[in-house]
Amino acid sequence: MLSTRLRVTALSTGAVLVALTGCSSGGDSAGGKSELKLYNDKGAWSEYFDQMGALSKQSIGLGMKPVGYTDEPTYTAFIKASLRTKVKPDLFTWTTGGRLNEIVGQKQVAETTALWKQAIGSGDLTADLAKYYTVDGKQYCVPLNTAYWGMFYNKKVFAQHNLKPPTTWDELTKIAETLKGAGQVPFHHTTPSSLFSFVWFGQMVAGTDPDLYEQLGTGKASFTDPRVVKVMERWKSMIDAGWFANPGDKADPADHFKSGKAAMVMSGTWFNTSMTQRGLKQGDDYGFFFVPNVEPALPKTSLIFESGPLCSLTKAPDPKASERYLKWWISPEAQEKWSNSRGDVSGNPKVKAADPELSAITKQAADSKNRLALRFFELVPAPVLTAALDGLSGFLAKPDTYQKVLADIQKANEEYWKTQGAGG
């Protein structure tokens, strides 16, 4: 649970500060770097970052070495500690939404407004994407990745039970009932559940009432709203029915796919990377479908979307080198390598997915019948997210606590928006 994770973070921060004083950020003098270090919370992607570093060295004479973390609290503590020390990362990954607003408010994140303006003009980025990187009318960071969220499913398990991807929520529940009746676990929680406990909550609220979902992110709706309570009751009934793997199971969902222990997992398109690393092939071993709305009368399908930023600091060791790298990163050359090596979509509309299955997903996502909804992790302010992750993680283990969970989240929601002069 997050409360435990926060205690770990607090303990880690001291060690992080000590580590910062002893680590170099790039190896060269601050005056003219030839190689940058990119700190990230995606340790499993190190090989892909290495490939990008080799390509950038060849293309613009500026290399990059990744420094990857696999524990999110430790990574967050590291970045926040670096804001208070003289040793700064050249580049680092973060999230949009409330957490980006938080560190931008400390006036240490390098502004990228000019870069965005140029990229939109050249067609390398879109104005629609820019709003997720905008704080008080200015842009910060650039897209590290973009992803659409949906359901990955084991095609062999589906074939074994004569199942096909659902087009309605009722069809999805019937699939779960069929699998459970046959002794098959229908859904695997995205691992670790303490970090991704929000996934089903966000999808189900957005698929029930997308306006309510957006209002939860601006303080204009309450987490104890009867409509939210109803979502939690529905989710609880699914857990009670035995449709989910044990929330304490720390196995990677991709391993469960390979073994056939779980038939489906809800995740972002970046999850392709995890499965291709295990030798699984999209279209043969697994497929993907967008989750149907819970409320069938909605005019559009609520499609969860995320875009994670790649950032630099105003006081980076070599600000010009960091800016040059960010500019290169969003170029077609860089994005084609980055997205296709991992098997994911790109924030650069000029880049076409090499995988035909992924290309079909991208085309389907762009359909006007969909309504994009920002992922819950980025939707709500940082203090509200902390309370939500903690509460929802506890709910997974003890579903009967949902009323208290929502009340605790709402308390954090009210406290935050009181300080902002908003909400209600």
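Residues numbered from 1 in each chain as written. Predicted model: local features only at pLDDT ≥ 70, side-chain atom pairs only at ≥ 80, totals over all residues. Heavy atoms only, no water.

1. Quick word on empty space enclosed by the protein
Stated formally: Points on a 1 Å grid, built from protein atoms alone, make a cavity when a 1.4 Å probe fits but cannot get out and make a pocket when they are open with protein on both sides within 12 Å along at least 5 of 7 lines; residues with an atom within 4 Å of a point are the lining residues. Grid points are joined across faces, edges and corners, and a volume is the space filled by probe spheres set on the points. By definition, any uninterrupted DSSP run of H or I lasting at least four residues is a helix, any uninterrupted run of E lasting at least two residues is a strand, and each is numbered from the N terminus. Residues are grouped as follows: nonpolar covers Ala, Val, Leu, Ile, Met, Phe, Trp, Tyr, Cys and Pro; charged covers Asp, Glu, Lys and Arg; every other residue, Gly included, is treated as polar.
According to the stated counting rule, one finds 3 cavities of 30 Å³ or more in the structure shown. Looking at the largest cavity, its volume works out to about 60 Å³. Lining the largest cavity, in full, are Trp-149, Phe-198, Val-199, Gly-202, Gln-203, Tyr-213, Ile-304, Arg-375 and Phe-376. When residues of the lining of the largest cavity are assigned to their parent elements, the largest contribution, 3 residues, is made by helix α10 (residues 199–206). Grouping the amino acids of the lining of the largest cavity by side-chain chemistry returns 6 nonpolar, 2 polar and 1 charged.

2. Focus: the state of the cysteines
The following threshold applies: Disulfides are defined in this document as cysteine sulfur pairs within 2.5 Å. Relative accessibility under 20% of the residue-type maximum defines a buried residue, over 50% an exposed one, and the middle range a partly exposed one, all with a 1.4 Å probe and only protein chains included.
According to the stated counting rule, one finds 1 disulfide in the structure shown. For Cys-141, the disulfide goes to Cys-311, at an S-S distance of 2.1 Å. What sets the handedness of the Cys-141 and Cys-311 disulfide is the S-S torsion sign, and at about 100° it is right-handed. On the criterion of sequence distance, the pair formed by Cys-141 in the loop between β5 (138–139) and β6 (142–154) and Cys-311 in strand β10 (residues 301–311) is long-range, its members being 170 residues apart. An identical accessibility class is assigned to Cys-141 and Cys-311; each is buried.

3. Thoughts on the nonpolar core
The line we're drawing: What makes a nonpolar core is a set of buried Ala, Val, Leu, Ile, Met, Phe, Trp, Tyr and Cys residues whose side-chain atoms join them at distances within 4.5 Å. Here, two residues are considered to be in contact whenever any of their heavy atoms come within 4.5 Å of each other.
Core analysis: the biggest nonpolar cluster contains 125 residues, and Phe-187, Trp-200, Phe-201, Trp-235, Met-264, Trp-329 and Phe-376 have the highest contact counts within it. Here this core gets 8 residues from one element, more than from any other, and that element is β6. Excluding anything up to four places from it in sequence, Trp-235 contacts Ser-197, Trp-200, Phe-201, Met-204, Phe-244, Leu-392, Phe-395 and Leu-396.

4. Some details on the layout of surface pockets
It is a probe the size of a water molecule, rolled over the atoms, that shows where empty space is left. Taken as a whole, the largest pocket holds about 1300 Å³ of empty space. The wall of the largest pocket is formed by 46 residues, among which Asp-128, Leu-129, Tyr-132, Phe-305 and Leu-372 lie closest to the centre. In terms of residue count, the dominant contributor to the lining of the largest pocket is helix α4 (residues 98–104) (4 residues). Counted as a void, the second largest pocket has a volume near 960 Å³. Taken together, 39 residues make up the lining of the second largest pocket; nearest its centre are Asp-41, Thr-191, Pro-192, Leu-195 and Phe-196. Of all the secondary structure elements, the ones that give two or more residues to the lining of the second largest pocket are α1 (2–22), α3 (72–82), β6, α9 (193–196), α14 (271–276), β10 and α18 (376–379).

5. Remarks on the pattern of salt bridges
One side chain can pair with another of opposite charge once the charged atoms of both are near each other. Stated formally: Salt bridge, as used here, is a side-chain nitrogen of Lys or Arg placed within 4 Å of a carboxyl oxygen of Asp or Glu.
Evaluated as defined, the whole model comprises 18 salt bridges. Of the charged contacts, one joins Arg-371 and Glu-214 as a salt bridge, the two residues approaching to 3.3 Å between their closest N and O atoms. Of this pair, Arg-371 sits in strand β11 (residues 370–374) while Glu-214 sits in helix α11 (residues 210–216); the two residues are 157 residues apart in sequence, bridging distant segments of the chain. When its relative accessible area of 36% is taken as the criterion, Glu-214 is described as partly exposed. Between Asp-344 and Arg-342 there is a salt bridge, with its nearest N and O atoms 3.5 Å apart. A single burial state applies to Asp-344 and to Arg-342, both of which are buried. Residues joined by salt bridges that share partners form a network here, namely Asp-209, Asp-225 and Arg-227.

6. Some remarks on the side chain of Gln-184
How we decide: Nitrogen and oxygen atoms within 3.5 Å of one another constitute a polar contact, given that in protein one can donate a hydrogen and the other can accept it, and given that sequence-neighbouring residues count only through two side-chain atoms.
Its place among the elements puts Gln-184 in the loop between α8 (169–181) and β7 (185–187). Judged by its relative accessible area of 10%, Gln-184 is buried. Looking at Gln-184, its side chain comes within polar contact range of the main-chain oxygen of Gly-260, at 3.1 Å. Among the polar contacts made by the side chain of Gln-184, one reaches the main-chain carbonyl oxygen of Lys-261 at a distance of 3.2 Å. Those residues in contact with Gln-184 that sit more than four places away from it in its chain are Val-157, His-161, Leu-179, Gly-260, Lys-261, Ala-262 and Ala-263.

7. Some remarks on the packing of helix α2 (residues 46–60) against helix α15 (residues 319–329)
Keep this limit in mind: An axis is simply a line fitted to the C-alpha atoms; with a helix, the fit covers only the stretch in contact. Between two such axes, the angle follows the N-to-C directions and lies from 0 to 180 degrees. Roughly parallel means an angle under 35 degrees; roughly antiparallel, over 145; roughly perpendicular, 65 to 115; everything else is oblique.
Their axes nearest at 11 Å, the elements α2 and α15 cross at an angle of 105°. Classified by the interaxial angle, the pair formed by α2 and α15 is roughly perpendicular. Of the residues in α15, those in contact with Phe-49, Met-52, Gly-53, Leu-55, Ser-56, Ser-59 and Ile-60 of α2 are Arg-324, Tyr-325, Trp-328 and Trp-329. Grouping the constituent residues of the contact of α2 with α15 by class yields 7 nonpolar, 3 polar and 1 charged.

8. Regarding the confidence of the model for the protein
The condition that has to hold: Confidence per residue, as judged by the predictor, is encoded in pLDDT with a range of 0 to 100.
In this model, the protein carries a mean pLDDT of 89, and residues with pLDDT of at least 70 account for 92%. Contacts of residues 1–31 to residues separated by more than four positions or lying in other chains number 51 contacts, the stretch itself having pLDDT below 50.

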